[in-house]
Amino acid sequence: MFFLKDFPNEEMVARFRSILPHADADGVQIFIRLLVLGSECLLQLDRVLGAHDLSHSRWIVLMLLRRREVWQALPSELAKEQGITRATMSGLIRGLEGQGLVTRQPNEGDRRQTVVVLTEKGAALVERALPECLGLMERTLSPLHGTEKDELKRLIEKLFPLGGA
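To keep things clear, this report deals only with the structure shown in the data block. (Residues numbered from 1 in each chain as written. Predicted model: local features only at pLDDT ≥ 70, side-chain atom pairs only at ≥ 80, totals over all residues. Heavy atoms only, no water.)

### Structural notes on the overall build of the protein chain
Working step 1: A count of helical and extended segments in the protein chain gives 7 helices and 3 strands.
Working step 2: For the protein chain, the N- to C-terminal ordering of α and β elements is α-α-α-β-α-α-β-β-α-α.
Working step 3: Expressed as a percentage of the 165 residues in the protein chain, the buried residues total 28%.
Working step 4: Residue pairs at least 24 apart in sequence account for 51% of intrachain contacts in the protein chain once pairs closer than 6 positions are excluded.
Working step 5: Accessible surface computed for the protein chain: about 11400 Å², of which carbon and sulfur atoms make up 59%. (Helix = DSSP H or I, 4+ residues; strand = E, 2+ residues; numbered from the N terminus. Buried < 20%, exposed > 50% of the residue type's maximum accessible area, 1.4 Å probe, protein only. Contact = heavy atoms within 4.5 Å. Areas by Shrake-Rupley, 256 points an atom, 1.4 Å probe, with all protein chains shown as cover.)

In structure tokens form, the structure reads like this:
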């Protein structure tokens, strides 16, 4: 998380320019604002999910399972899709298992492996929490109107192409 309430003003930027004359001061200011915005979005999402005894990391696991036609996946697939290590995924799965939201079962295709399966309780939680999450997203973007949303989407995709690093 990155929180900063006192954004660099022109005086601060001028001091940094004396140290790093070729630095892109506007770019630095925009980047800091992106960090703060992302952190604030995660904080707000964590508040919504916290009411359901979830972190956003656990929520992502539930969503990765729920969006599949068959609500199951290998732990390694989930780790890759979330961009985390297998060890971290194992901890998330243990926590979700403890809440009764997922179970581990032998893989029908290879009994040496286990698959993570979304339980009915887990699916019901997704159905309850999803409208709240979508509401948060809508409220966050509500100051933007039609073409502004399109422009923001275009700029974000230019910075972070889908499927990119």
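### Some points on the pairing of strand E3 (residues 114-118)
Working step 1: Among the 5 residues that make up E3, 4 are buried, leaving the element largely enclosed by the rest of the structure.
Working step 2: Where strand E1 (residues 72-73) and E3 come together, 2 bridges link them in antiparallel fashion. Directly across from Ala73, in E3, lies its bridge partner Val116. (Pairing = 2+ DSSP bridges.)

### A word on the side chain of Thr119
Working step 1: The residue Thr119 is located in the loop between E3 and helix H6 (120-141) in this model.
Working step 2: At 2.8 Å, the side chain of Thr119 forms a polar contact with the backbone oxygen of Gly100.
Working step 3: Beyond its immediate chain neighbours, meaning those up to four positions away, Thr119 contacts Gly100, Leu101, Val102 and Thr103. (Polar contact = N/O pair within 3.5 Å; in protein donor to acceptor, adjacent residues only side chain to side chain.)

### Some remarks on the environment of Leu64
Working step 1: Mapped onto the elements, Leu64 comes out in helix H3 (residues 56-66).
Working step 2: Leu64 has contacts with Leu78, Glu81 and Gln82, leaving out every residue within four places of it along the chain.

### A few points about the pattern of salt bridges
Two side chains that carry opposite charge are able to pair once their charged atoms sit near each other.
Working step 1: Inspection of every chain in the model, using the stated rule, returns 5 salt bridges.
Working step 2: Residue Arg67 pairs with Glu81 through a salt bridge whose shortest N-O separation is 3.6 Å. Pair noted here: Arg67 is in the loop between H3 and E1 and Glu81 is in helix H4 (residues 75-82), with a separation of 14 residues, a long-range link.
Working step 3: Linked by salt bridges that have partners in common, Arg67, Arg68 and Glu81 make up one network. (Salt bridge = Lys/Arg side-chain N within 4 Å of Asp/Glu carboxyl O.)

### Description of the nonpolar core
Working step 1: Among the nonpolar cores identified, the biggest contains 26 residues, and Leu54, Leu62, Leu65, Leu78 and Val102 are the most heavily contacted of them.
Working step 2: Counting residues per element, the ones that place at least two in this core are helix H2 (25-50), H3, H4, helix H5 (86-98), E3 and H6.
Working step 3: For this core, the element with the most residues is H6, which contributes 6 residues. (Core = buried A, V, L, I, M, F, W, Y, C linked by side-chain atoms within 4.5 Å.)

### Considerations on the packing of H3 against H5
Working step 1: In contact at an axis separation of 10 Å, H3 and H5 are set at 85° when each is read in the N-to-C sense. Compared by their axis directions, H3 and H5 come out roughly perpendicular. Across from Ser57, Arg58, Val61 and Leu62 in H3, the residues of H5 making contact are Met89, Leu92, Gly95 and Leu96.
Working step 2: Per-class residue counts for the contact of H3 with H5 are 5 nonpolar, 2 polar and 1 charged. (Axes fitted to C-alpha atoms, helices over the stretch in contact; angles between N-to-C directions. Parallel < 35°, antiparallel > 145°, perpendicular 65-115°, else oblique. Nonpolar A, V, L, I, M, F, W, Y, C, P; charged D, E, K, R; others polar.)

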